[in-house]
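Topology and contacts: notes
Residue strings, one per chain:
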Amino acid sequence: MAPLEPADTSQVTSSSPAVPSAQPALRADIARVPDSDRPGLSIADWHARVDAQLNAPQRNQARLVMLGDSMANAWFESRSFQKQWRKQQPLNLAVSGDQTPHLLWRIERGILDGLAPRLVLLSIGADSLDAGFQPEDTAQGIRAVLEQVRAKLPQTPVLLLALLPAGQHRGDARRGLIDATNRQLSALAEPDRVLVVDVGGMFIEADGSLSTLAMADFAHPTEIGHEALTTSVSLVAQQLMQAARP
């Protein structure tokens with residue numbers, strides 16, 4: 001797996017022995033906390049968000065858990081999501097800007113402890129690509145997240161949402177990275193345990209561009225996009241919840 005931040009070799013000549021990095025190479029499947037502030041969310045605020053998730057009122061009564069990043073967080077907060085799943089007492093465990101290592105750290109910290117939901121909705125990976133991880137690394141990070149979720153919640157099915165398309169046009173570099181990642185996610189499906197759902201095609205016009213009505217910033221769904229997203233997965237989500245334990 002290619003490191004994002006290789007060791008500094010500026011002082012090493014071709015004849016010098018390799019100098020190990022002072023910090024381990026960053027990996028998408030190894031838990032760690034964010035190393036810098038995000039727009040609208042400082043590291044201190046991020047930790048406060050994790051603490052709030054750990055201490056959310058009546059969190060152990062949630063029958064549906066949302067796990068992931070900014071896409072997951074915005075979807076959870078949308079009118080369409082709340083209308084569809086309000087009765088399931090959904091619990092929001094998404095944090096905007098999270099990469100897979102950050103979500104892994106939150107899971108290790110205990111955000112899933114004490115829960116017994118009928119379904120986990122998982123959307124993660126887009127911010128990993130934006131941070132420079134390659135598709136194969138990002139997919140490996142998502143695999144690690146799934147392994148942790150399955151270990152913490154062995155009786156709960158997981159609906160893994162493939163990465164939504166990004167970039168205004170078909171040839172956008174982000175689109176290619178997302179497509180390459182999604183091609184690897186189908187291998188993560190497990191009968192009756194993990195279902196991988198790719199609904200990104202509904203956001204793409206015939207010419208390959210993204211619909212501005214559904215995704216105005218070419219990265220995050222609008223309320224119309226959230227409505228389409230909710231409608232597209234609600235039936236299969238309901239089936240998974242009904243099949244799960246009471």
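Per chain, residues are indexed from 1 in the order of the written sequence. Selection of residues for local features in this predicted model requires a pLDDT of at least 70, selection of side-chain atom pairs for listing and counting requires 80 or more, and totals for whole chains, interfaces and linings are taken over all residues. Hydrogens and water are ignored here; the side-chain numbers use all heavy atoms of the structure.

Soluble globular proteins tend to pack their nonpolar side chains together in the buried interior. Ranked by internal contacts, the top residues of the largest apolar core, which has 33 residues, are Leu67, Ile111, Leu112 and Leu122. For this core, the secondary-structure elements that each account for two or more residues are α1 (43–54), β1 (64–68), β2 (91–94), α4 (100–109), β3 (119–123), α6 (135–152) and β4 (158–161). Secondary structure elements are taken from DSSP: a helix is a run of H or I of four residues or more, a strand is a run of E of two residues or more, and numbering for both begins at the N terminus. Among the elements that line this core, the one with the most residues is α6, at 6 residues. Note on contacts: a residue pair qualifies if any of its non-hydrogen atoms lie within 4.5 Å across the two residues. Residue contacts for Leu67: discarding those within four places in its chain leaves Ala72, Leu93, Leu103, Ile107, Ile111, Leu112, Val120, Leu121, Leu122, Ser123 and Val149. Among the buried residues, those of types Ala, Val, Leu, Ile, Met, Phe, Trp, Tyr and Cys that are joined through side-chain atoms within 4.5 Å form a nonpolar core. Exposed residues in this analysis have more than 50% of their type's maximum accessible area, buried residues have under 20%, and partly exposed residues fall in between, with area computed by a 1.4 Å probe over protein chains only. Core analysis: the next-biggest nonpolar cluster, separate from the first, contains 26 residues, Met71, Phe81, Leu159 and Ala214 among them.

With a phi close to 50°, Gln89 is a non-glycine residue in the positive phi region. For Gln89, the position within the fold is in the loop between α3 (79–85) and β2. The exposure class assigned to Gln89 is partly exposed, which follows from its relative accessible area of 32%. A positive phi angle is found at Asp192, which is not glycine, with a value near 65°.

Pairing between two strands is assigned when DSSP locates at least 2 bridges connecting them. The strand order across the open sheet formed by 5 strands is β2-β1-β3-β4-β5, and the pairing between neighbours is parallel. This sheet does not close on itself; its edge strands, each paired only once, are β2 and β5 (194–197). Strand-to-strand twist across the sheet, computed as the mean angle between neighbouring axes with direction ignored, equals 20°. Relative to β3, β1 runs parallel, the two sharing 5 bridges. Across the sheet, the residue bridging to Gly68 is Ser123, located in β3. The strands touched by α6 are β1, β3, β4 and β5; relative to β4, the strand with the most contacts, the crossing angle is about 165°. Structural elements are reduced to axes, namely lines fitted to C-alpha atoms, with helices fitted over the stretch in contact, and the angle between N-to-C directions of any two is expressed from 0 to 180 degrees.

Turning next to the packing of helix α2 (residues 70–77) against helix α8 (residues 223–243). Relative placement of two packed helices is described by the angle separating their axes and the distance separating the axes. α8 packs onto α2 with a crossing angle of 90° between their chain directions and a minimal axis gap of 10 Å. Relative to α8, the element α2 is oriented roughly perpendicular. Of the residues in α8, those in contact with Met71, Ala74 and Trp75 of α2 are His226, Leu229, Thr230 and Val233. The residue inventory of the contact of α2 with α8, partitioned by class, reads 5 nonpolar, 2 polar and no charged. Between 65 and 115 degrees an angle is taken as roughly perpendicular, under 35 as roughly parallel, over 145 as roughly antiparallel, and anywhere else as oblique. Each residue is assigned to one class: nonpolar for Ala, Val, Leu, Ile, Met, Phe, Trp, Tyr, Cys and Pro, charged for Asp, Glu, Lys and Arg, and polar for all the others, Gly among them.

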